[in-house]
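Working through the structure, step by step
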Amino acid sequence: MSDILIVDDERDIRELIGDILEDEGFTTRLAGTSEACMKELEAAPPALLILDIWLKDSSMDGIDILKIVKRDYPQVPCVIISGHGNIEIAVAAIKQGAYDFIEKPFNIDQLLVVIRRAMETSRLRHENTRLKRQDGGDVEMIGQSAMFRTLISQLDKVTKSNGRVMLRGPAGSGKEVAARYIHAHSNRDSAPFVTVNCAGIEPDKMEEILFGREGGDRGLEPGLLEQAHGGVIYFDEVADMPPGTQSKILRVLVDQQFTRVGGADKVRVDLRVISSTNRDLEEEIAEGRFRQELYHRLNVVPIPVPSLEERREDIPVLAEHFIAACHEAQGLPLRPLSDDAIALMQTMIWPGNVRQLKNLIERVLILGEGTGPIEARELPQETEAVSDESRVVISGTLATMPLREAREAFEREYLLTQINRFGGNISRTAAFVGMERSALHRKLKSLGVVTSSKAGARVARVDEEVQAEAG
């Protein structure tokens, strides 16, 4: 982008600068008054603004325009020029956020050097910001289970709207990936995606980080809300936002504007808001830890993100994806998964959800030897330890039960796990456990195990009433 807006009340000066820059390969726009300047800015922000301090027949001077530009178009660098320059004006312009100050009559070579440096600095700043936003920016959704397909269907419905979305699910289930998926498939995909880690920011720093600050030795520092202008702001684990900040964010959602810390001018922003939480926000509201008004503003479209336990069918394809990712990023062996490793992973407990699975795969690839299939013995087995091929060391709970109760408890948990592993498919479960389908149905009934629909998938659970009657 090489579009430069030149604002000067002297026609000869602005046309001279325009002709010189056109010869250097830039495209230019010219304005002789503050009103013409504002019209050009509203039509399309330029890559660079060359701005005269004194503007005749205008309602604003250059410093006034500079303040508005730094407030509403902070990405546009400004070079100030003036024929009445002095050190006080230069200092005032720099403090207001100008890139540099050049006094008339100026040297053409000097002007070109300043312009090129300003545009290069702006380009590097944009590139650095873009790379930071891409960090951890995986937007590929992996899965094939019914629960996963339901999630994708819900996400696809909200991508083209501007409605606020709240993603609810346990830690590590992939809520940020879901948020990035919405952004990547929306009409804001070329605009910023900025994450606010509500749990990782110190409460006394939250407002400065969100709203930015101005004044003091550091001058003007845009906050995360300004950086997200035109794109998406993602409040990760919004329940951890300090109460004082909650009320101010609520005002931003209502007005789409705010004031920087230490400043007085209003900063306007165009944002789409996505939030996430792993807590029960209704309970947080009842306990006085979360503002009900903010909850209703954020919870326009609630979307549940399932735990890994709820989508065990997806474990093999997720594991294969993480193996390929580790191979590409770190050069780790591209090892296949053995059938027994897949079966074990689909029956394991995953309190850390998809994030835990990703970490486990990386650890196995780092510590493993060779390029052969990953075997079950390489996986951690916290709940039971296999001592040899002939016996299993059972958990302490089962060891304290009479044989009949222990057998029923084991069969119930075993079949629950297997049914959920196969996405509620009784035929596939029966084939794996080695039972006739009718016999499996009778066994499930005797154990009080039933299947029901949840988010488009069949999920096995214990019917408490049936179990109580059997007991």
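Presented here is a report on the structure given in the accompanying data block. Predicted, not measured: the structure shown is a model, and the values here were computed from it. (Residues numbered from 1 in each chain as written. Predicted model: local features only at pLDDT ≥ 70, side-chain atom pairs only at ≥ 80, totals over all residues. Heavy atoms only, no water.)

Moving on, we come to the side chain of Thr245. Looking at the element boundaries, Thr245 is found in helix 10 (residues 243–255). The residues touching Thr245, leaving out its near neighbours within four places in the chain, are Met206, Glu207 and Leu210. (Helix = DSSP H or I, 4+ residues; strand = E, 2+ residues; numbered from the N terminus. Contact = heavy atoms within 4.5 Å.)

Right, let's talk about the environment of Arg291 for a bit. Here Arg291 shows up in the loop between helix 11 (281–286) and helix 12 (292–298). We classify Arg291 as partly exposed; its relative accessible area is 31%. When the C-alpha atoms of Arg291 and Ser247 are compared, they prove to be 7.5 Å apart, with 44 residues separating the residues in sequence. Among residues more than four places away in sequence, those in contact with Arg291 are Gln246, Ser247 and Leu250. Side chain to side chain, Arg291 and Glu293 meet in a polar contact 3.3 Å long. (Buried < 20%, exposed > 50% of the residue type's maximum accessible area, 1.4 Å probe, protein only. Polar contact = N/O pair within 3.5 Å; in protein donor to acceptor, adjacent residues only side chain to side chain.)

This part is about the packing of helix 13 (residues 315–330) against helix 15 (residues 353–367). Helices that pack against each other are described as a pair by the angle of their axes relative to one another and the distance between those axes. One can describe the packing of helix 13 onto helix 15 by two numbers: an axis separation of 9 Å at closest approach and a directional angle of 50°. Considering the angle they form, helix 13 stands oblique to helix 15. Between helix 13 and helix 15 lies a crossing of right-handed hand. Across the interface between the two elements, Ile315, Leu318, Ala319, Phe322, Ile323, Cys326 and Gln330 from helix 13 touch Val354, Leu357, Lys358, Ile361, Glu362 and Leu365 from helix 15. Classifying every residue of the contact of helix 13 with helix 15 by side-chain character gives 10 nonpolar, 1 polar and 2 charged. (Axes fitted to C-alpha atoms, helices over the stretch in contact; angles between N-to-C directions. Parallel < 35°, antiparallel > 145°, perpendicular 65-115°, else oblique. Left-handed = near helix turned anticlockwise from the far one by under 90°. Nonpolar A, V, L, I, M, F, W, Y, C, P; charged D, E, K, R; others polar.)

With that settled, the discussion passes to a nonpolar patch on the surface. Residues Phe410, Tyr414 and Phe432 make up a contiguous nonpolar surface patch of roughly 290 Å² in combined accessible area. With respect to the element layout, Phe410 can be found in helix 17 (residues 403–421). (Patch = residues over 30% accessible without salt bridge, like charges linked within 9 Å, V, L, I, M, F, W, Y side chains within 5 Å. Areas by Shrake-Rupley, 256 points an atom, 1.4 Å probe, with all protein chains shown as cover. Salt bridge = Lys/Arg side-chain N within 4 Å of Asp/Glu carboxyl O.)

Soluble, globular proteins show a tendency: their nonpolar side chains are buried together. In terms of nonpolar packing, the biggest core is built from 31 residues, with Val196, Ile233, Phe235 and Ile249 touching the most fellow members. Put simply, the parts of the chain that give this core at least two residues each are strand 7 (193–197), helix 8 (206–211), helix 9 (224–227), strand 8 (232–236), helix 10, helix 11 and helix 12. When residues in this core are grouped by element, the largest group, 4 residues, is from helix 10. In this structure Ile249 touches Leu210, Phe211, Leu225, Phe235, Met241 and Leu294, once residues within four positions along its chain are discounted. (Core = buried A, V, L, I, M, F, W, Y, C linked by side-chain atoms within 4.5 Å.)

Moving on to the packing of helix 18 (residues 426–433) against helix 19 (residues 437–447). One can describe the packing of helix 18 onto helix 19 by two numbers: an axis separation of 9 Å at closest approach and a directional angle of 100°. With respect to each other, helix 18 and helix 19 are oriented roughly perpendicular. Residues Ile426, Ser427, Thr429 and Ala430 of helix 18 pack against Arg437, Leu440, His441 and Leu444 of helix 19.

Turning next to the pattern of salt bridges. In total, this model carries 22 salt bridges according to the counting rule given. When the shortest N-O distance is used, the salt bridge between Arg29 and Asp3 registers 2.7 Å. Note that Arg29 is positioned in strand 2 (residues 27–31) and Asp3 in strand 1 (residues 3–7), a separation of 26 residues in sequence. Of the two residues, Arg29 and Asp3, both sit in the buried class.

Glancing now at unusual backbone geometry. Phi is positive for Asp57, close to 55°, though the residue is something other than glycine. Looking at the secondary structure, you find Asp57 in the loop between strand 3 (48–52) and helix 3 (62–72). The phi angle at Asn353 is positive, at roughly 60°, despite the residue not being glycine.

Strand order in the open sheet formed by 5 strands is 2-1-3-4-5, with parallel pairing between adjacent strands. Whereas interior strands pair on both sides, the edge strands pair on one side only; in this sheet they are strand 2 and strand 5 (100–103). Mean inter-strand twist for the sheet, computed between neighbouring axes without regard to direction, equals 20°. Bridge count between strand 1 and strand 3: 4 bridges; the pairing is parallel. Bridged to Leu5 within strand 3 is Leu49. The strands that helix 1 (residues 11–23) touches are strand 1, strand 2, strand 3 and strand 4 (78–82); relative to strand 2, the one it contacts most, it runs at about 175°. Sheet strands touched by helix 2 (residues 34–43): strand 1 and strand 2. Its angle to strand 1, the strand with the most contacts, is close to 165°. (Pairing = 2+ DSSP bridges.)

Before going further, it helps to spend a moment on the sheet that holds strand 8. On the basis of which strands lie adjacent, the open sheet formed by 5 strands has the order 7-8-11-6-12 and parallel pairing. Looking at strand neighbours, the two that pair on one side only are strand 7 and strand 12 (301–304), the edges of this open sheet. The average angle at which neighbouring strand axes cross in this sheet is 20°, direction not considered. Across 5 bridges, the pairing between strand 7 and strand 8 is parallel. Residue pairing for strand 8: Phe193 is matched across the bridge by Val232.

Our next topic: helix 13. Between its terminal C-alpha atoms helix 13 stretches 22 Å, which fits the 22 Å expected from 16 residues at 1.5 Å a residue. Looking at the buried positions of helix 13, the neighbouring elements they touch are helix 14 (339–345) and helix 15. Of the residues trailing helix 13, Gly331 is marked for its positive phi of about 75°. (Expected span 1.5 Å × (residues − 1).)

Tallied over the full model, the rule gives 0 disulfides. Note on Cys37: no disulfide assigned, nearest cysteine sulfur contributed by Cys78 at a separation of 8.6 Å. For Cys37, a relative accessible area of 0% gives the class buried. (Disulfide = S-S within 2.5 Å.)

Moving on to helix 10. The end-to-end C-alpha distance of helix 10 is 19 Å, a good match for the 18 Å that 13 residues give at a rise of 1.5 Å each. Of the positions making up helix 10, those classed as buried are Thr245, Gln246, Ile249, Leu250, Val252 and Leu253. Seen along its axis, helix 10 keeps its buried residues to an arc of 160°; they face one direction. On its buried face, helix 10 sits against helix 8, helix 9, strand 8, strand 9 (257–259), strand 11 (272–277) and helix 12. Gln256, located one to two residues past helix 10, shows a positive phi value of around 60°. (Arc of directions from axis to C-beta.)

So far we have only geometry, and geometry alone does not tell us how the molecule works.
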